[in-house]
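# Remarks on the overall topology
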Amino acid sequence: MVENRWAASHEPLRLRAETLDAVVREWYEELHGPVQPLVGQLNRRLAEYALDRSTAETDGALAGEPASAALADSFSSRFSLFDDAGVGTADALVAEFEGSALDDRITTATVDAYRHYRNLHADYVDEWVCTRGEMFHAVSTAEQSLSALSPELDVVVLSGYHEFRPVERRLIERLVDELPMIALLPLHQDGRSGVDAVAEDALDVYEALDFETVDLEPVDESGRAFGTITESLYRPDPDSVPAPDTLRWRELPTPEREIRFVARELRTELANGRDPDDLAVVIPGTEAYSGYVEDTFDTFDIPHVTTAASQLNRTFTGSIVHDLLNLAEADPRAKNLTSLLANPLVDIVPTDQANAVTAAARRRDTVSVAPLLDDVDDQAATLIEELLTTLETLRTGDIEDATDTLRRLLDDRFNLKETTEDYATGAEQAVEQRAYDLVDEVLTSFESLASVSSNLSPLALFTRAFDGVPIRVPQRAAGGHVEVMGLLDARMRSFEKVFLVGLTSEHFPVTSEHPAFFEEMTDAHPRFDTGDERLRGRYLFATLLANVDQLTITTPEAGDEESAVVRSPVLDELQRVTDIEPETGVDDRVGSREDLQRHIAATADQRAAVSRAGDRGDISPDQTKRMDRGLHCADKRGTAGLSEHDGVLEPETVDEVYPPSEREPYSASRIERYVECGFKFYADNVLGIEDPDDVEVAPTPLETGSYVHDVLERFFADLQDDIDEGVDLPKFDRDTLATHLSDIAVEELHDADFQYDGLFYERWKAELFAGLSDEGSRLYEAGSNPHNAPEQGLFARFLDNELSRDDTDRPHLFEAPFGEGLPDSDAGPFTVERPDGSTVSIRGYIDRVDVNREGEQPSLTLYDYKTGRAPYMTKTTGGTKFQLPIYLLAAADVVTGDLFDQGSLSATYYQVRPPNDLKVPRGVESKFDSEVELRRFLDDIVPEWLGQIDDAIANGRFHTTLLSARGANCRYCDYRRACDVRHHRKREFVNEVGTDEAAYVPLRVRDDKDIEAVMGDD
């Protein structure tokens, strides 16, 4: 940035911008030849191995468990501080601590760890690798003139330092003697107190070296206004300073709302022609806000790049390493495999197979990888198994083989270097390339120290090494983007407008966490001080304030999940000085298409608003057309009458898309589905729209119902000696029946081949098999009932219920088919004749038929098993449920002889709801005063209703439900957002549809019929 501004008005070659470390390395190589700096990761490995040797000792402050990544990080930083202080050996550190007030245990532990560190450095690090302190010391004590090393230099300008390490101070002292030098030091007060307290060290150095002080006054009104504020911060009894218009404080309800506000502001600035390079978003708590920033800025189309320090595992490249290390564990976890396969940098298996693994993981609810391989083809399974086998080396091999294995996987199998170079462009590409370089640096550090012995496995060493690795994107990658940075990154940078986000005590100023004895070391030896973060934060805040033209501060009223937040003390100080007050309330300006849609939704004339937005180009022509059509459809659906937007088709259209050959024979369930909601019936059965493939962790209600039906059918059918005779259960003892039921249930479960596992599936099995038999219990039991499973599950409860019933009723038929076209059935057509002579073709299975031939009149009882809640009988007599009357009508074709004509009829639901909710309510016959009325209902009423339903479908009446939201199960419907089933709206709709002769309006919802008789007794 400095070079660019210089080149705008001066000769580009006359200025060279470099870090002090880069210049020192250049001079060192001039003096001593090529050198390789001790990189951060190699330094970290040395610290880790040194601590491992210290923790392996039997006594001392560090004895015990192997060092964690956090501890290694702290010691690595401390060892670098020793090096910068000129303490290059353990003996020098002993001399430094001699006579110290520091606790002996801390002294001994630190010296021992540092001795191990220096020994490892001497024994295993190449001689051409130098530490920072060694290079600075060699250059500052060189006999050769530094000006001779760089004769092209006319003047050195030093910027960005407000405190110096000892080796830096010695080099500055040497430079001042040999080259003209200018030092830039932002000061806001006297340089020694208030916000300048942290800069006292640098000021002392410059004054001791006789630098001439030149005060530079602000060049514009904004600089003077902000300068007046920084002069008053942290001063006793300051004069009141009015907050300028260029300083705003905006308080939003949540952190997410903060970022949305900033995004809207940025959109406005960019739309007004502001260059993205002149804008910045400074977030002290970058980790906490990073997710909001990425999502929201992408939604608002803000060109941005985050240059603040982040974590390696937050990148796609780092995530690959993280997942591979977890997959190298003895029992690899499914979530790490799915994460690896979903990574955009990974393509080891085809996309469809990767999706199959992910779907299986969600469905099975498994933590292990092995069960997932059953859901992919053999080739993909082999590739994954080979990967897992290869990764075993990380757990069982030595560090050299493990490092080579991991590098071959990344470079050869994943081709990661080329992949990161081809991934995306600009800032995103720069992030992944920097991440790859860091991974390479970590692996190179292990290769350099491969001969170092360790008691830890390579996997443990890798896991520690890659834990918490920081990554920082080069600032050059931010060109043409709004830069998102931390407060430390903003020092000595100037922008026209800055948004300072999340200024709370949680995020600013932050005190770094170090082992406690380092704090004691700092107190006893100030030269090892890392600086007061609190004072540094004040100084950085004041410097940012002085370097911007406009500053907007944002704070949240509450944190995530309504947690309380406390404003930063720096903000309290700003308020004390300027009396600034926050602007509160929700920011509802339009900054994205999402905002635009919300505003359109609140307008009276939505279609006009959409048209205006389309004319302005806020939405594309396709979006405009789609939204206009949607609004027109919603308007029509909002009226009580029927229109082409309410699922009404012409009969000719129905004949084309859903001809009689497809819709007949009907099943009872399809008829009930149509009555429940014609529009859902239309979507499912006519259009063939499949339900979303929801992730299930246990068998669905449909799967459970089918399985239970199959078990109960076989239970009775296998006990039946003669098809013309019923099953006499009492002649068997309970244990025999329990074993028989258990064997069948186990066989059917194996045949069902459910692709589930995990705790929820175990619970599902327990609710069925508990208390039945030892064989059934073994399906789920491992010493005790899991998850507080019931003592008696569904099958055991069913068996007890059957044995306790009247033994004169004999189960006779099971899953008896009627109607043509059923699998494994040669039954002929079954039709229901209407009073006008027309017919409706139906087919299905009667779950169970019991016969009682005792007494003067035989009886016929039909059962419909329900693994959910059994419906009220008034739904049958009210024209919304048809299962039982269809069963009764079909019984004439199913039972033999004159049993149907001569016997008394009964039909009811048999509720078999897991885990043990069994109920057999009074049958549909209980709603009638006599057998004659029941048969009239079956012969006249039901056929007429079925005919009306058939006519309604043929005439294209696929409108939304006429029932209540609860009665139609709208809560579980995928189309519920397209309907209005509120009570007052429903009544108007029913009345309008009731005037349509082609529509079927159930008796249950009509006001013009006296249905009190059929609505009672529930």
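Residues numbered from 1 in each chain as written. Predicted model: local features only at pLDDT ≥ 70, side-chain atom pairs only at ≥ 80, totals over all residues. Heavy atoms only, no water.

Under an unreviewed UniProt entry, the name given to the protein chain is PD-(D/E)XK nuclease family protein, and the source organism is Halonotius aquaticus.

## Some words on helix H14 (residues 316-327)
Each α-helix winds once per 3.6 residues, and so residues spaced three or four apart point in a common direction. Between its first and last C-alpha, H14 extends 16 Å over twelve residues, near the 16 Å set by a 1.5 Å rise per residue. A large share of H14 lies buried, amounting to nine of its twelve residues. Within H14, burial applies to Thr317, Gly318, Ser319, Ile320, Val321, Asp323, Leu324, Leu325 and Leu327. Turning to H14, the residues buried within the fold contact helix H15 (334-342), helix H17 (378-396), helix H18 (399-413), helix H19 (416-422), helix H20 (426-448) and helix H21 (458-465). (Helix = DSSP H or I, 4+ residues; strand = E, 2+ residues; numbered from the N terminus. Expected span 1.5 Å × (residues − 1). Buried < 20%, exposed > 50% of the residue type's maximum accessible area, 1.4 Å probe, protein only. Contact = heavy atoms within 4.5 Å.)

## Section: the domain arrangement of the protein chain
Annotation of the protein chain at the domain level lists domain 1 (39-124), domain 2 (247-309 + 478-584), domain 3 (311-460), domain 4 (593-638) and domain 5 (668-675 + 695-928). Inter-centroid distance (C-alpha atoms) of domain 2 to domain 5 is 66 Å. (Domains from an automatic or database assignment.)

## A closer look at unusual backbone geometry
Residue Pro665 is reached from Glu664 by a cis peptide bond, and omega for that bond is 0°. Summarising the element assignment, Pro665 is placed in the loop between helix H29 (660-663) and helix H30 (668-676). Of note, the amide linkage connecting Pro914 to Pro915 takes the cis form, showing an omega dihedral of 5°. Mapping Pro915 onto the fold places it in the loop between strand E18 (904-913) and strand E19 (917-919).

## So, the sheet that holds E19
Taken together, the five strands give an open sheet; going across it, the order is E13-E16-E17-E18-E19, and neighbouring strands pair in mixed fashion. Where the open sheet ends on each side, the last strands, each with one partner, are strand E13 (810-818) and E19. Here the strands of the sheet are splayed against their neighbours by 25° on average, with no regard to which way each runs. Across five bridges, the pairing between strand E16 (residues 844-852) and strand E17 (residues 859-866) is antiparallel. By the bridge assignment for E17, Val851 is matched with Leu860. Across the sheet, helix H32 (residues 701-717) lies against E13, E16, E17 and E18, angled at about 130° from E13, the strand it touches most. (Pairing = 2+ DSSP bridges. Axes fitted to C-alpha atoms, helices over the stretch in contact; angles between N-to-C directions.)

## Topic: H18
Helix length check: H18 (15 residues) gives 20 Å between terminal C-alpha atoms against 21 Å at 1.5 Å per residue, within 8%. Looking at H18, one finds that the buried residues are Ile399, Ala402, Thr403, Thr405, Leu406, Arg407, Leu409 and Leu410. Tucked inside the fold, the buried residues of H18 contact helix H3 (40-55), H14, H17, H19, H20 and H21. Where H18 begins, one side-chain oxygen reaches toward the backbone nitrogen of Glu400, 3.2 Å away; that side chain belongs to Asp398. The positive-phi residue at the C-terminal boundary of H18 is Asn415, with phi of around 50°. (Polar contact = N/O pair within 3.5 Å; in protein donor to acceptor, adjacent residues only side chain to side chain.)

## Some thoughts on empty space enclosed by the protein
Inspection of every chain in the model, using the stated rule, returns three cavities of 30 Å³ or more. The calculated volume of the largest cavity comes to roughly 70 Å³. Lining the largest cavity we find Tyr674, Val675, Cys677, Gly678, His959, Thr960, Thr961, Leu962, Tyr1000 and Pro1002. Its residues assigned to classes, the lining of the largest cavity shows six nonpolar, four polar and no charged. Gly160, Tyr161, His162, Leu185, Pro186, Arg491, Met492, Tyr539 and Thr543 together form the lining of the second largest cavity. Here the lining of the second largest cavity is composed, by residue class, of five nonpolar, three polar and one charged. (1 Å grid on protein atoms, 1.4 Å probe; cavity = no way out; pocket = protein on both sides within 12 Å on 5 of 7 lines; lining within 4 Å. Points joined across faces, edges and corners; volume = space filled by probe spheres on them. Nonpolar A, V, L, I, M, F, W, Y, C, P; charged D, E, K, R; others polar.)

## Examining the pattern of salt bridges
Taken as a whole and judged by the stated rule, the model has 69 salt bridges. We note a salt bridge from Lys881 to Glu672, for which the minimum N-O separation is 3.9 Å. Taken as a pair, Lys881 in the loop between helix H37 (874-877) and helix H38 (883-894) and Glu672 in helix H30 lie far apart in primary sequence, 209 residues in all. Under the relative-accessibility criterion, Lys881 is labelled buried at 17%. Its relative accessible area of 9% is what places Glu672 among the buried residues. (Salt bridge = Lys/Arg side-chain N within 4 Å of Asp/Glu carboxyl O.)

## Remarks on the packing of aromatic side chains
Within the structure shown, the criterion is met by 38 aromatic pairs. Taken together, a centroid distance of 6.3 Å and an interplanar angle of 10° make the contact between Phe681 and Phe958 stacked. Here Phe681 is found in helix H31 (residues 678-686), whereas its partner Phe958 is found in the loop between helix H40 (931-954) and helix H41 (983-994), with 277 residues between them in sequence. Residue classification places Phe681 among the buried positions, given a relative accessible area of 0%. Its relative accessible area of 0% is what places Phe958 among the buried residues. For the ring pair Phe715 and Phe716, a centre distance of 5.0 Å and an interplane angle of 70° mean the geometry is edge-to-face. Aromatic ring contacts, followed pair by pair, group Tyr658, Tyr674, Phe679, Phe681, Tyr682, Phe958 and Tyr975 into a single cluster. It is Arg250 that lies over the ring of Phe261; its NZ or CZ is 5.3 Å from the centre. Here the guanidinium or amino end of Arg935 rests over the ring plane of Phe900, the centre of that ring lying 5.1 Å away. (Phe/Tyr/Trp six-rings, centres within 6.5 Å; stacked < 30°, edge-to-face > 60°. Lys NZ or Arg CZ within 6 Å of the ring centre and 35° of its normal.)

## Overview of the environment of Thr552
By the element assignment, Thr552 lies in strand E12 (residues 548-556). What makes Thr552 buried here is its relative accessible area of 2%. A sequence separation of 51 residues divides Thr552 from Val501, and the C-alpha atoms of the two residues are 8.3 Å apart. Sequence-distant contacts of Thr552, that is, excluding residues within four places in its chain, are made with Arg248, Phe261, Lys497, Val498, Phe499 and Leu500.

## Digging into the environment of Met873
Residue placement: Met873 occurs in the loop between E17 and H37. For the pair Met873 and Asp618, spaced 255 residues apart in the sequence, the C-alpha separation amounts to 55 Å.

## Re the packing of helix H5 (residues 90-97) against helix H6 (residues 104-124)
For the pair H5 and H6, interaxial distance at closest approach is 9 Å and the crossing angle is 160°. Regarding the angle of H5 to H6, the classification is roughly antiparallel. In the crossing of H5 with H6, the sense of the turn from one axis to the other is right-handed. The residues of H6 that touch H5, namely those facing Ala90, Asp91, Leu93, Val94 and Phe97, are Thr107, Thr110, Val111, Tyr114, Arg115 and Arg118. For the contact of H5 with H6, the per-class residue count stands at six nonpolar, two polar and three charged. (Parallel < 35°, antiparallel > 145°, perpendicular 65-115°, else oblique. Left-handed = near helix turned anticlockwise from the far one by under 90°.)

## Here's the deal with the nonpolar core
Among the nonpolar cores identified, the biggest contains 82 residues, and Leu324, Leu406, Leu410, Phe462 and Phe466 are the most heavily contacted of them. Shared between two domains, this core takes at least three residues from each, and those domains are domain 1 (39-124) and domain 3 (311-460). With sequence-adjacent residues up to four places away left out, Leu406 is seen in contact with Leu324, Leu325, Leu394, Leu443, Phe462 and Phe466. Counting 54 residues, the second-largest nonpolar core is a separate cluster that includes Leu862, Leu888, Ala907 and Tyr909. (Core = buried A, V, L, I, M, F, W, Y, C linked by side-chain atoms within 4.5 Å.)

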